[in-house]
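A closer look at the structure
So you can see what is in the structure, the chains are spelled out below.
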Amino acid sequence: MSLHLKKRSLILAGHDTSVALEPAFWAVLDRAATQEGEGLAQLVTRIDAARIPGQSLASALRVFALEWLEARAPAPPEQPA
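As a starting point, this report considers the structure included with it. (Residues numbered from 1 in each chain as written. Predicted model: local features only at pLDDT ≥ 70, side-chain atom pairs only at ≥ 80, totals over all residues. Heavy atoms only, no water.)

1. What to know about the overall build of the chain
Definition in use: Starting at the N terminus, helices and strands are each numbered in turn, a helix being any DSSP run of H or I of at least four residues and a strand any DSSP run of E of at least two. Throughout, exposure labels follow a simple rule: accessible area from a 1.4 Å probe, protein chains only, divided by the maximum for the residue type, with under 20% read as buried, over 50% as exposed, and the rest as partly exposed. Residue contacts follow a heavy-atom distance rule, with two residues in contact if any of their heavy atoms lie within 4.5 Å. By the counting rule applied here, Lys and Arg register as positive and Asp and Glu as negative, while His and the ends of each chain are not counted. Charge placement uses NZ in Lys and CZ in Arg. For Asp and Glu, CG and CD serve respectively.
Looking only at helices and strands, the chain has three helices and two strands in total. Reading the chain from its N terminus to its C terminus gives the helix and strand order β-β-α-α-α. C-alpha atoms of the chain, sized along the principal axes, occupy 55 × 30 × 25 Å. Within the chain, buried positions represent 28% of all 81 residues. For the chain, restricting intrachain contacts to residue pairs at least 6 apart in sequence, the fraction spanning at least 24 positions comes to 43%. Of the charged side chains in the chain, 8 are positive and 9 negative, and the gap between their average positions amounts to 6 Å.

See the structure below:
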């Protein structure tokens, strides 16, 4: 495993699983779970249940983190016409 990835073990749907992501993604997922009032395992379980067939869990977590941040980013200023 790459040195820049951090592996976490979770129980999803009663099964042990491990996911390796960059620390920045784990930080966003931890923040999202806290702000949404749930534990990290609950958030990951929810993301896992919603992912599209064939998409890896790591990919689904990265996409969720990006979309979660984008939803909270300030809108860019309007450009004059």
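Past the structure itself, the notes keep going.
2. What to know about unusual backbone geometry
Peptide bonds are trans in most cases, and residues, glycine excluded, mostly fall at negative phi. Unlike most non-glycine residues, Ala13 shows phi in positive territory, near 50 degrees. Assignment of secondary structure puts Ala13 in the loop between strand E1 (6–12) and strand E2 (15–21). Since its relative accessible area comes to 66%, Ala13 is described here as exposed.

3. Observations regarding the nonpolar core
What counts is decided by this rule: Note on terminology: a nonpolar core comprises buried Ala, Val, Leu, Ile, Met, Phe, Trp, Tyr and Cys residues joined through side-chain atoms within 4.5 Å.
Judged by nonpolar contacts, the single largest core of 20 residues is most densely connected at Leu29 and Leu61. Residue assignment for this core shows that the elements contributing at least two residues are E1, E2, helix H1 (23–35), helix H2 (40–50) and helix H3 (57–72). Broken down by element, this core gets its largest block of residues, seven residues, from H3.

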